[in-house]
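What follows is the residue order along each chain.
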Amino acid sequence: MYCDKKPYVSGYRSALDAIATYEPMIRSAIDAKMSNGDSSVTNNIGVDLYVDKCFIYLNEPSETTLDLDFKNQIERILTTLLYPEWVVKHRSGLNLVARTGDGVGSANARALKFDLHWRLYDRLVLRSLGSTTTLAYNDQTNSWEIPLMTDYNWNPITSPHVAVSGLTGSGKTMQLIILNSYAKNWADQIWIEDPRKAAPEKTKNPNLIIIDPKGDSKMREYCVNHGFGSVEYLAPDLTQNQAAFLARANEALKRVVEVMNYRYSIKSKYSNVKFRHLFVTVDEMRALLEGGNKKAIDAFFELIDLITLKGRAAGIHLICGSQSFLAGKSDGCISTPARDNLTLRILLSPTITAENARFLFKEIDKNQAESLIIDTDGYDCAGVGIISNTDRVIVPYKVPFLGSVK
Ligand SMILES: Nc1ncnc2c1ncn2[C@@H]1O[C@H](COP(=O)(O)OP(=O)(O)O)[C@@H](O)[C@H]1O
Ligand SMILES: [Mg+2]
């Protein structure tokens, strides 16, 4: 029986079996959809499908031009056709590669390359935050990473800062809790395994600082259950107005910048020492600035700029959640360079449009937005959307389901 809570199970025993069926199907689908005289029958268009990529090439002279319009058209066809056996990884621009081998000449020496992921990325299901101690080991880079979906990991060393965007109720705070819990465990693991000597620190630093302008009950519960003195949690108390809370947040960020500057000074003296990774989480970044005066907002922008521009080398990471990532001080919450440094980007929304993707995923045009498939499953309450990492390749995303914030 069909159960949408279970991951999709493919009927193909191997990728080779699927390729044997899908490659001719792609050919005929393209043939049927080309409005000019080109087709694979006239040998103008060629298709090579592999387990992790698909090449589409033209045999010149053809009526079709190998340009962005053609790429978008093929991307749209592939995205729906290959679902649910493959996921097409969306990349902006024309990804042209050289072809080699028998039968390759000047007429067909180039191909459009589409990167694929064999099978869907499945949602992780965590009973409780205890499960976030299980990290993923990357054999290729010999490093521990944070699993976000099956086959999709986050490495805070290569991708230091995170943005989570989405409307209210889309699952941002839950995503931040999950990221925080993983990040803390990840930092412990890295610390234990790194054979280098610990660098001296001027102050005793928390491992995680959470700035939560809404005082979310689940975020608070996470800090109570998992803080153990290593998490600094900042939420407004009832007597405090917005401006006072922003001042407290700025103070905490200023301390982080001081730690960062001190670590830089240590690094210049001793190059081979390790620092404990420190994560700073700001939820509802736009809401935090509401009601703040110009001076406080200026200071906040400057501190966030410093952390995102210089944090990586000092093991300092920023994780931010906001309903909008509009840049600029009047209605926005971040500067453009700082936003560009948020390399792990997550947009939580069951439908992606050029409109809601315009701040974090400005490279997505209307065409691409319409061709993205956000495959949903039975976990309706948990977030879905799109994600991209340092490679800026966009794929559908499902936030891990969290049973309880215990
Ligand atoms: N990953 C998840 N796992 C389980 N429940 C979730 C998840 N994401 C969201 N939810 C449910 O949806 C509610 C709203 O999510 P929340 O993270 O507070 O949204 P936002 O912060 O975007 O307003 C949560 O209180 C929770 O009940
Ligand atoms: Mg929230």
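Everything below is about the structure printed above this text.
Scope of this entry: the structure provided in the associated data block.

1. Observations regarding the layout of surface pockets
One way to see where empty space is left: roll a probe the size of a water molecule over the atoms.
Here is step 1 of the chain: Taken as a whole, the largest pocket encloses approximately 550 Å³ of empty space.
Here is step 2 of the chain: Forming the boundary of the largest pocket are 23 residues, of which Lys89, Asn138, Asp151, Asn153 and Asp391 lie nearest the centre.
Here is step 3 of the chain: Of the residues forming the lining of the largest pocket, the biggest block, three residues, is contributed by strand S9 (residues 152-154).
Here is step 4 of the chain: Considered class by class, the residues forming the lining of the largest pocket number six nonpolar, nine polar and eight charged.

2. Considering the pairing of strand S17 (residues 344-348)
Here is step 1 of the chain: Burial analysis of S17 places five of its five residues in the buried class, which makes it a mostly covered element.
Here is step 2 of the chain: Of the two faces of S17, the one carrying Leu344, Ile346 and Leu348 and the one carrying Arg345 and Leu347 are both buried.
Here is step 3 of the chain: One ladder, built from four bridges, connects S17 with strand S18 (residues 384-388); its direction is antiparallel. Along S18, the bridge assignment pairs Leu347 with Ile386.

3. A short note on the packing of helix H1 (residues 15-33) against helix H2 (residues 68-82)
Here is step 1 of the chain: It is at 11 Å that the axes of H1 and H2 come closest, and there the two elements cross at 135°. One way to sum up the angle between H1 and H2 is to call them oblique. Where H1 crosses over H2, the two elements pack in a sense that is right-handed. Residues Tyr22, Met25, Ile26, Ala29, Ile30 and Lys33 of H1 form the contact with H2, whose own contacting residues are Gln73, Ile74, Ile77, Leu78, Leu81 and Leu82.
Here is step 2 of the chain: In terms of residue class, the contact of H1 with H2 is made up of 10 nonpolar, one polar and one charged.

4. Digging into the packing of aromatic side chains
Here is step 1 of the chain: In total, this model carries nine aromatic pairs according to the counting rule given.
Here is step 2 of the chain: Ring geometry for Tyr50 versus Phe55: centroids 5.9 Å apart, planes at 75°, classification edge-to-face.
Here is step 3 of the chain: You can call Phe55 buried: its relative accessible area is 15%.
Here is step 4 of the chain: The interplanar angle of 80° and the centroid separation of 5.7 Å between the aromatic rings of Tyr121 and Tyr152 together place this pair among those described as edge-to-face. Of the two residues, Tyr121 sits in the loop between strand S5 (110-118) and strand S6 (125-128) while Tyr152 sits in strand S9, which places them 31 residues apart along the sequence.
Here is step 5 of the chain: For Tyr121, a relative accessible area of 6% puts it in the buried group.
Here is step 6 of the chain: Taking the relative accessible area as the measure of exposure, Tyr152 reaches 9% and is therefore buried.
Here is step 7 of the chain: The rings of Tyr12, Tyr22, Trp86 and Trp118 are connected pair by pair, giving a single aromatic cluster.
Here is step 8 of the chain: Over the ring of Trp191 we find Lys274; its NZ or CZ atom is 4.3 Å from the centre of that ring.

5. Topic: the sheet that holds S9
Here is step 1 of the chain: Spatial strand order, S7-S8-S9: three strands in an open sheet with antiparallel pairing. Here the strands that pair on one side only, and so sit at the sheet edges, are strand S7 (136-138) and S9. Pairs of neighbouring strands in the sheet enclose a mean axial angle of 55°, with direction left out of account.
Here is step 2 of the chain: Here S7 pairs with strand S8 (residues 143-149) via three bridges, running antiparallel. For Asn138, the partnering residue across the bridge sits in S8 and is Ser143.
Here is step 3 of the chain: The strands that helix H3 (residues 172-193) touches are S8 and S9; relative to S8, the one it contacts most, it runs at about 165°.

6. A word on the sheet that holds strand S16 (residues 316-322)
Here is step 1 of the chain: Pairing within the open sheet is mixed, and its eight strands lie in the order S13-S12-S15-S16-S10-S17-S18-S19. Lying at the two open borders of the sheet, with one neighbouring strand each, are strand S13 (231-234) and strand S19 (394-398). Pairwise comparison of adjacent strand axes, ignoring direction, gives a mean angle of 15° for this sheet.
Here is step 2 of the chain: Where H3 meets the sheet, its contacts fall on strand S10 (162-166), strand S12 (208-211), S13, strand S15 (278-282), S16, S17 and S19, and the angle it forms with S10 comes to roughly 165°.
Here is step 3 of the chain: Along the sheet face, helix H4 (residues 217-226) touches S12, S13 and S15 and points at about 150° away from the line of S13.

7. Some points on helix H5 (residues 242-269)
Residue pairs spaced three or four apart in an α-helix point in one direction, given the helix's 3.6 residues per turn.
Here is step 1 of the chain: Taking 1.5 Å per residue as the helical rise, H5 with its 28 residues ought to reach 40 Å, and the 41 Å between its terminal C-alpha atoms agrees with that figure.
Here is step 2 of the chain: The set of residues buried in H5 consists of Phe245, Leu246, Ala249, Asn250, Ala252, Leu253, Val256, Val257, Val259, Met260, Arg263 and Ile266.

8. So, the side chain of His90
Here is step 1 of the chain: Here His90 lies in the loop between strand S3 (86-88) and strand S4 (96-98).
Here is step 2 of the chain: Once you skip the residues sitting within four places of it in the chain, His90 turns out to touch Glu75, Thr79, Gln368, Ser371, Leu372, Arg392, Val393 and Ile394.

9. Some points on H4
Here is step 1 of the chain: Buried residues of H4: Met219, Tyr222, Cys223 and His226, and no others. Within H4, the buried residues cover an arc of 95° as seen down the axis, which keeps them to one side. Facing away from the buried side of H4 by over 90 degrees, the exposed positions are Ser217 and Val224.
Here is step 2 of the chain: Sitting at the head of H4, Asp216 places a side-chain oxygen 2.8 Å from the backbone nitrogen of Lys218.
Here is step 3 of the chain: Downstream of H4 by a residue or two, Phe228 has a phi angle that is positive, lying close to 45°.

Here is what the cut-offs are and how they apply
- Residues numbered from 1 in each chain as written.
- Chains lettered and ligands numbered in written order.
- Predicted model: local features only at pLDDT ≥ 70, side-chain atom pairs only at ≥ 80, totals over all residues.
- Heavy atoms only, no water.
- 1 Å grid on protein atoms, 1.4 Å probe; cavity = no way out; pocket = protein on both sides within 12 Å on 5 of 7 lines; lining within 4 Å.
- Points joined across faces, edges and corners; volume = space filled by probe spheres on them.
- Helix = DSSP H or I, 4+ residues; strand = E, 2+ residues; numbered from the N terminus.
- Nonpolar A, V, L, I, M, F, W, Y, C, P; charged D, E, K, R; others polar.
- Buried < 20%, exposed > 50% of the residue type's maximum accessible area, 1.4 Å probe, protein only.
- Pairing = 2+ DSSP bridges.
- Axes fitted to C-alpha atoms, helices over the stretch in contact; angles between N-to-C directions.
- Parallel < 35°, antiparallel > 145°, perpendicular 65-115°, else oblique.
- Left-handed = near helix turned anticlockwise from the far one by under 90°.
- Contact = heavy atoms within 4.5 Å.
- Phe/Tyr/Trp six-rings, centres within 6.5 Å; stacked < 30°, edge-to-face > 60°.
- Lys NZ or Arg CZ within 6 Å of the ring centre and 35° of its normal.
- Expected span 1.5 Å × (residues − 1).
- Arc of directions from axis to C-beta.
- Polar contact = N/O pair within 3.5 Å; in protein donor to acceptor, adjacent residues only side chain to side chain.

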